[in-house]
Amino acid sequence: MLTSIVLAGGKGRRLGRDKATVLLGGESLLHRAINRLSPFGPVVVVVAAKQTLDLPPGAETVIDVYPGKGPLGGVYSGLKAITTPYALAVGCDMPFLNLDLLRYLANQAPGYDVVMPKLSGRPEPLHAVYSRDCLPVMEALIEQDKLSLHGLLSQLRVRYVEEQDIDTFDPRHWSFFNINTPDDLVKARLMLPQA
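Definitions and limits used
- Residues numbered from 1 in each chain as written.
- Predicted model: local features only at pLDDT ≥ 70, side-chain atom pairs only at ≥ 80, totals over all residues.
- Heavy atoms only, no water.
- Helix = DSSP H or I, 4+ residues; strand = E, 2+ residues; numbered from the N terminus.
- Buried < 20%, exposed > 50% of the residue type's maximum accessible area, 1.4 Å probe, protein only.
- Contact = heavy atoms within 4.5 Å.
- Phe/Tyr/Trp six-rings, centres within 6.5 Å; stacked < 30°, edge-to-face > 60°.
- Lys NZ or Arg CZ within 6 Å of the ring centre and 35° of its normal.
- Core = buried A, V, L, I, M, F, W, Y, C linked by side-chain atoms within 4.5 Å.
- Salt bridge = Lys/Arg side-chain N within 4 Å of Asp/Glu carboxyl O.
- Arc of directions from axis to C-beta.

**Re the environment of Val 47**
Alright, step 1. Topologically, Val 47 is positioned in strand β4 (residues 44–48).
Alright, step 2. Linking Val 47 and Ser 77, residues 30 residues apart in sequence, is a C-alpha distance of 6.9 Å.

Dropping the structure here:
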């Protein structure tokens, strides 16, 4: 059993506006992520700094338990709110999520605290499956103000999904494309017809 978590945070400084509300193909990045994840279950949890998000049916907002603590705080808040043993956690700025790859990650979860892709040798912590068993370790790190998701991994049982496995489902690696800058948004709009 698994719940989807979308992190709607991120101030979008380089983009110049709130990422969650940016439009791509006539739909906000946040709505696009929620709609892509809906096959994984009836509820998608959206972690945000405030309650005022406009959400489609089937999505519910969870307010950051530890405001200002970055992605680690966001994943923690989402995990704290769910009742399933596992959650699929993604950022709202990843418009080309691949459902087959996400299903593969979810199927690897039993026996691990985290299942995370590695691309070009780098872990992708905002495109991963987390167990609720991560909560005590996450909470301890947040209270010590050690907010690196990468730092978390050394204390957990992690199953890394390597590039050759990723290539089976997403050979272009578009799942990991995220929108951080105006140039990224232009590129995403050009990619959209092929997605």
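**Thoughts on the side chain of Ser 77**
Alright, step 1. Among the structural elements, Ser 77 can be located in helix α2 (residues 70–81).
Alright, step 2. The exposure class assigned to Ser 77 is buried, which follows from its relative accessible area of 1%.
Alright, step 3. Apart from residues no more than four positions distant in its own chain, Ser 77 is found in contact with Val 47, Val 62, Ile 63, Asp 64, Val 65 and Tyr 66.

**A look at the packing of aromatic side chains**
Alright, step 1. Scanning the model with the defined rule gives four aromatic pairs in all.
Alright, step 2. Ring geometry for Phe 96 against Phe 177: centres 6.1 Å apart, planes inclined by 45°, an arrangement best described as tilted. Of the two residues, Phe 96 sits in the loop between β6 (86–91) and α3 (99–107) while Phe 177 sits in the loop between α6 (163–169) and α7 (182–191), which places them 81 residues apart along the sequence.
Alright, step 3. Linked through ring pairs, Phe 96, Trp 174 and Phe 177 together constitute an aromatic cluster.
Alright, step 4. Above the plane of the ring of Phe 40 lies Arg 103, whose end atom (NZ or CZ) is 5.7 Å from the centre.

**Digging into the nonpolar core**
Alright, step 1. By size, the foremost hydrophobic cluster in this structure holds 31 residues, and its most contacted members are Val 6, Leu 30, Leu 37 and Val 129.
Alright, step 2. Mapped onto this core, the elements with two or more residues apiece are β1 (2–7), α1 (29–37), β4, β6, α3 and β7 (114–119).
Alright, step 3. Contact partners of Leu 30, with chain neighbours within four places excluded, come to Val 6, Ala 8, Ala 20, Val 46, Leu 53, Leu 55 and Cys 92.
Alright, step 4. The next biggest cluster of nonpolar side chains, apart from the first, holds 28 residues, and it includes Val 62, Leu 152, Leu 153 and Val 158.

**Looking at the pattern of salt bridges**
Alright, step 1. Here the structure, examined in full by the defined rule, presents five salt bridges.
Alright, step 2. Note that Arg 103 and Asp 100 form a salt bridge whose closest N and O atoms lie 3.3 Å from each other. A residue pair is termed a helical-turn pair when its members lie 3 or 4 positions apart in one helix, as Arg 103 and Asp 100 do in helix α3 at three residues.
Alright, step 3. Take Arg 103: its relative accessible area is 36%, and that puts it in the partly exposed class.
Alright, step 4. Here Arg 157 ties to Asp 113 by a salt bridge, and the two come within 2.9 Å at their closest N and O atoms. You can see Arg 157 sitting in the loop between α5 (149–153) and β10 (158–161) and its partner Asp 113 sitting in the loop between α3 and β7, a full 44 residues away along the chain.

**Concerning α7**
Alright, step 1. Inspection of α7 places Asp 184, Leu 185, Ala 188 and Met 191 among the buried residues, and these make up the whole buried set. Around the axis of α7, the buried residues are gathered within 120° of arc, so they sit on the same side. Structural note: α7 exposes Asp 183 and Leu 190 on the side pointing more than 90 degrees away from its buried face.
Alright, step 2. In this structure, the buried side of α7 is in contact with β2 (23–24).

**With respect to the side chain of Thr 3**
Alright, step 1. Looking at the element boundaries, Thr 3 is found in strand β1.
Alright, step 2. We classify Thr 3 as buried; its relative accessible area is 11%.
Alright, step 3. Not counting residues up to four positions away in its chain, the partners in contact with Thr 3 are Val 43, Val 45, Ile 82, Thr 84, Tyr 86, Ala 87 and Leu 88.

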